[in-house]
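# A closer look at the structure
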Amino acid sequence: MNHPLRPAVGAHYLALAVFAVFAAFPLLWTLSVALSGDPSRMWFFPEALIPHEPGLIWFQRVIDEIPVGRYLLNSLGIALSTMLLSTLLAIPCGYALSQIPFRGSNALFVLCLIAMMLPGELAIIPNFLTFSRLDLLDTYSAVVLPALASAFGVFLMRQAFQDLPQETLDAARVDGASEWQLLWRIALPQCRPMVSALMIFTFVQSWNDYLWPAVVLKDRLKMPLAVGIFNDLTGPFSTSTSMVMAAVIVAALPVLVGFVLTQRYFVGNPKQDAEENTSNTGQ
Amino acid sequence: MARPGVSERTAWLFMAPFLLLFATFTLWPVLFNGWLAFHDYFLLSGNTAWNGFANFVFLAEDKQYFHPALLHSLIFLLVVPLLQLVAFGLALLVRPRRPGTGFFRALFYSPVILSVAIAAVVWQQLLLPDGLVNWLIASVTGLARHHPPDWLNDADYALAATMLFFCWKYAGYYMVLYLAGLQSVPRSLLEAAMLDGAGAWARLRHVTLPAMQPVILLSTLLSTIAALKAFQEIIVLTGGDAGTSTLLVYAYFVGFYGQNFGVAGAVALLLTLFCLLLAWLQMHWLGEHGVLRHGGVK
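Residues numbered from 1 in each chain as written. Chains lettered and ligands numbered in written order. Predicted model: local features only at pLDDT ≥ 70, side-chain atom pairs only at ≥ 80, totals over all residues. Heavy atoms only, no water.

### A closer look at the overall build of chain B
Short version of the rule: By definition, any uninterrupted DSSP run of H or I lasting at least four residues is a helix, any uninterrupted run of E lasting at least two residues is a strand, and each is numbered from the N terminus. Burial status follows relative accessibility: with a 1.4 Å probe on protein chains alone, a residue under 20% of its type maximum counts as buried, one over 50% as exposed, and anything between as partly exposed. Here, Shrake-Rupley sampling with a 1.4 Å probe gives the accessible areas, and only protein chains in the shown set may cover a residue.
From N to C terminus, chain B includes 15 helices and two strands. Taken along the three principal axes of its C-alpha coordinates, chain B extends 80 × 75 × 40 Å. Counting every position in chain B, which comprises 298 residues, the buried fraction comes to 53%. With an accessible surface of roughly 14100 Å², chain B has 69% of that area assigned to carbon and sulfur atoms.

### Overview of the nonpolar core
Inclusion rule: Put simply, a nonpolar core is a bunch of buried Ala, Val, Leu, Ile, Met, Phe, Trp, Tyr and Cys residues held in one set by side-chain atoms that sit within 4.5 Å of each other. Marked domain ranges trace back to an automatic or database domain assignment. The contact criterion used throughout is that any non-hydrogen atoms of two residues lie within 4.5 Å.
In terms of nonpolar packing, the biggest core is built from 190 residues, with A:Phe161, B:Phe76, B:Phe108 and B:Trp123 touching the most fellow members. The biggest single contributor to this core is helix α8 (residues 158–183) of chain B, with 16 residues. The residue makeup of this core includes at least three contributed by each of domain 1 (13–55) and domain 2 (62–274) of chain A. Each residue touching B:Phe76, except ones within four places of it in the same chain, is listed here: B:Leu159, B:Thr162, B:Met163, B:Phe166, B:Ala227, B:Ala230 and B:Ile234.

### Observations concerning the side chain of B:Ser110
Cut-off, in case you're wondering: N or O atoms closer than or at 3.5 Å make up a polar contact, with two conditions inside protein: a donor-capable atom paired with an acceptor-capable one, and, for residues adjacent in sequence, both atoms drawn from side chains.
One can find B:Ser110 in helix α5 (residues 101–113). Residue classification places B:Ser110 among the buried residues on the basis of a relative accessible area of 15%. Within the structure, the side chain of B:Ser110 is placed 2.7 Å from the backbone oxygen of B:Leu107, a separation counted as a polar contact. Aside from chain neighbours lying at most four places away, what touches B:Ser110 is A:Leu256 and A:Phe259.

### Thoughts on the packing of aromatic side chains
How we decide: Two aromatic rings, drawn from Phe, Tyr or Trp (for Trp, its six-membered ring), form a pair once their centres lie within 6.5 Å of each other, and the interplanar angle then sorts them: stacked below 30 degrees, edge-to-face above 60, tilted otherwise.
This model, assessed by the stated rule, comprises 33 aromatic pairs over all chains. Grouped by ring-pair contacts, the aromatic residues A:Tyr95, A:Phe161, A:Trp180, A:Trp184 and B:Phe14 constitute a single cluster.

### What to know about helix α1 (residues 8–36) of chain B
Let me state the cut-off plainly: The length a helix should cover is 1.5 Å for every residue beyond the first. In this scheme, the bend at a residue equals the angle between the axes fitted to the seven residues that finish there and the seven that begin there.
Look at α1(B): only 35 Å from first C-alpha to last across 29 residues, short of the 42 Å you get at 1.5 Å a residue. The sharpest bend along α1(B) comes to roughly 55°, located at B:Ala16, with the proline B:Pro17 sitting one to four residues further on.

### Observations regarding unusual backbone geometry
Residues and elements named next belong to chain A. Phi is positive for Asp135, which is not a glycine, with a value near 60°. On the accessibility criterion, Asp135 (65% relative accessible area) is exposed. Residues other than glycine seldom take positive phi values, yet Asp138 does so here, at roughly 65°. With respect to the helices and strands, the residue Asp138 is situated in the loop between α5 (124–133) and α6 (140–148). Among the residues examined, Asp138 registers a relative accessible area of 19% and is labelled buried.

And the structure:
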């Protein structure tokens, strides 16, 4: 029965491989250039994809000449605080929108949806003016605060709480639990996968954000990795492509490692997995 | 649904911290842009003056910069159908459970999690006239060109190159959405259609697409917004030169370099309205009562 399918399987893998080349070759080339001690081959295809005289000298120069450690710490601080604070804000708000009936709750939800539909970049100029009036330009607060007003987080948490079985919550209410206890003790533990997903998304978004931090931060030593490295690479160090590529690897590596560790939250398919598990146990 | 003992006050208390920030950094900018659009704003003195529709008249007459920016934004919207096709194709490719499809899923998604700025640095190198992309094209087609295209500095190619970069960067994101959508197609319906002799196209048109309607709508909406706000991608790749300035690039330069916040506000207001209009149109066409659900027969 499997036999007539074989050419189809081959074609399937061929198609996968073609797209894989398209998706992966930029970073593979970057890695290869960064590891090549001798940059003379980097423009030749396909030799450029294999490191020539491999070595780590370009990484050494990046670490010597760019304050990578400092940038990393900044990125980590900004992304962690954005992740924690915005999740902590979104959870009670999403809970209230889904579990507590009040006048205007629908209007508020629609407002969140509209906010999600508008390009956040439009807010850059007004927010810049707000922070300059608050005298908070060039501070970490200016970087983090606007990111905390994430309508997406509220939307996601509302959907998560909406799907909870109503009986458990009502039983706890009858037993006299306050809404606050209900939220943290009963509702939240059942939504853990959604919360993790929200936290990881927020972290990655904050880690990669370039524009807003670049607009509000002036002090080089306050800059996160994405901004600092980009400025250095397009400015003083742009002459050495090898060094640029090594710096790109340094900047991308933490994200890629983090992605590999948490990839099931991004591309996992819990529904399919669950279905297949049940069908397997059923057999 | 009566909830004994739960007062409305509790709801507002739960939401207060978020709403405070949301009002300041999300709602206020929208209102402020709307207000700015009808004013002159003098940054140094902080003075403002109502100027009626002068900012919009300025835009209408700015043939040199605003008209091309508008055109480029409209052209950029072509990435929306392209992204849907690529993402749907990728989702079909990584859906079967064969060894390695999990790996390919992660691989196709990986450009999404890279910082735009960092990815752009790589592509700037790849797209140089003597860069790897031109070498690749030359070795595949066998044609050696004396003047290979300078993708990011030549106005003939730069917009297309940024659009392709955009697709490379985000296709994985929409792939995941479509992957989730494919799960919602009832297998029993597909099998029934097959037994009834429906061909591949008929099954796609009358079973798969109607079942995936919510996901198609979501994905189209999100990518339309993403395409309209294409800005970081352009700033870091071309700096807005070589015929790649879009509406937001224009607003940014007018605001931060031209110090003309009123005109920037007018662009922002127009873009907000345009976004909402497109969203409304898409909900109309692709929504519950749109073409996807009815299989072309009304």
